[in-house]
Amino acid sequence: MQGLGNYVAFVSSLKLYCIYWICFVAERIIKDIATAVLVPLIMADTSNNSKENDKHNDMDKKGIPKAEFIEDVDAYMKANNFSTLMEAGRSFEELYQKYKIIEQALLQRKIRLMQQLPDIQKTLAVVRQLQKQNTNLDVTFEISNQLYTRAHIPKADRVGLWLGANVMLEYDLEEADKILVENEQSAQQSLQDVDQTLEFLKNQTTTVEVNLARLHNLSVKLGRQNQSSEVNA
């Protein structure tokens, strides 16, 4: 009987040990899963916040202020020394007009870049075609509007590139290729920068519009309360 009792005690201890081990392993697995899932999310959120801060810093350098969203109208007016809702609204209207002026300038710049980029790419394609052939060429070129003529080019190994302001410089094909590639990359980067700035402006404009709507609604509400007080009096 004593041996049976010892055996039962051993089995019970073994069960408790197994239960403890299973709980320990399960806890470690849960921790590992939580670490694998939450840490990337936290890092991604931190990275997004960092990118957002960098974007705002870039916009500040460009002279484009970030619009502040009004959560508490009274606190905002006290912090900015506005005595009336009209003063606060006027400041947002001025900011709104500033955003619109910048937006128009950026849209004009975007149009110019979108016109320049295809011209650069076409010129680059011609230069690379000349690099491939490297022989004499017979070409047709435009003298004036709807007037063309034929020309013979002996071994076209140099080209003239317009640099702007009626200035043209002659380069060999390798130099021309390098310059055009740099110009293409610069134009694409500028176009991307303009798009990012326009997106930022759109968000800030929306914030200003919401703020103006809140100020207007509060002004209407206070006006009705004053009218109601006068009637009751």
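Nothing here was measured: the structure is a model prediction, and the numbers come from that model.

So, how was this worked out
- Residues numbered from 1 in each chain as written.
- Predicted model: local features only at pLDDT ≥ 70, side-chain atom pairs only at ≥ 80, totals over all residues.
- Heavy atoms only, no water.
- Pairing = 2+ DSSP bridges.
- Helix = DSSP H or I, 4+ residues; strand = E, 2+ residues; numbered from the N terminus.
- Phe/Tyr/Trp six-rings, centres within 6.5 Å; stacked < 30°, edge-to-face > 60°.
- Buried < 20%, exposed > 50% of the residue type's maximum accessible area, 1.4 Å probe, protein only.

K.L.:
Can you lay out the pairing of strand S2 (residues 147-153) for me, pointing to particular residues and giving the numbers?
P.N.:
In this sheet, S2 lies alongside strand S1 (residues 137-144) in antiparallel orientation, the contact comprising seven bridges. Note on S2: the bridge partner recorded for Glu142 is Tyr148. In sequence, S1 turns back onto S2 through a hairpin of two residues, with Gln146 there showing a positive phi of about 65 degrees.

K.L.:
Tell me about the packing of aromatic side chains, residues and numbers included.
P.N.:
For the structure shown, the criterion picks out two aromatic pairs. Where Tyr76 meets Phe82, the ring centres are 6.0 Å apart and the plane angle is 40 degrees; that geometry is what we call tilted. Overall, Tyr76 belongs to the buried group, its relative accessible area being 9%. Pairing Tyr76 with Phe92 gives two aromatic rings, centres 5.5 Å apart and planes at 25 degrees, and the pair type is stacked. You can see Tyr76 sitting in helix H2 (residues 73-79) and its partner Phe92 sitting in helix H3 (residues 85-133), a full 16 residues away along the chain. Phe92 sits in the buried class, given a relative accessible area of 3%.

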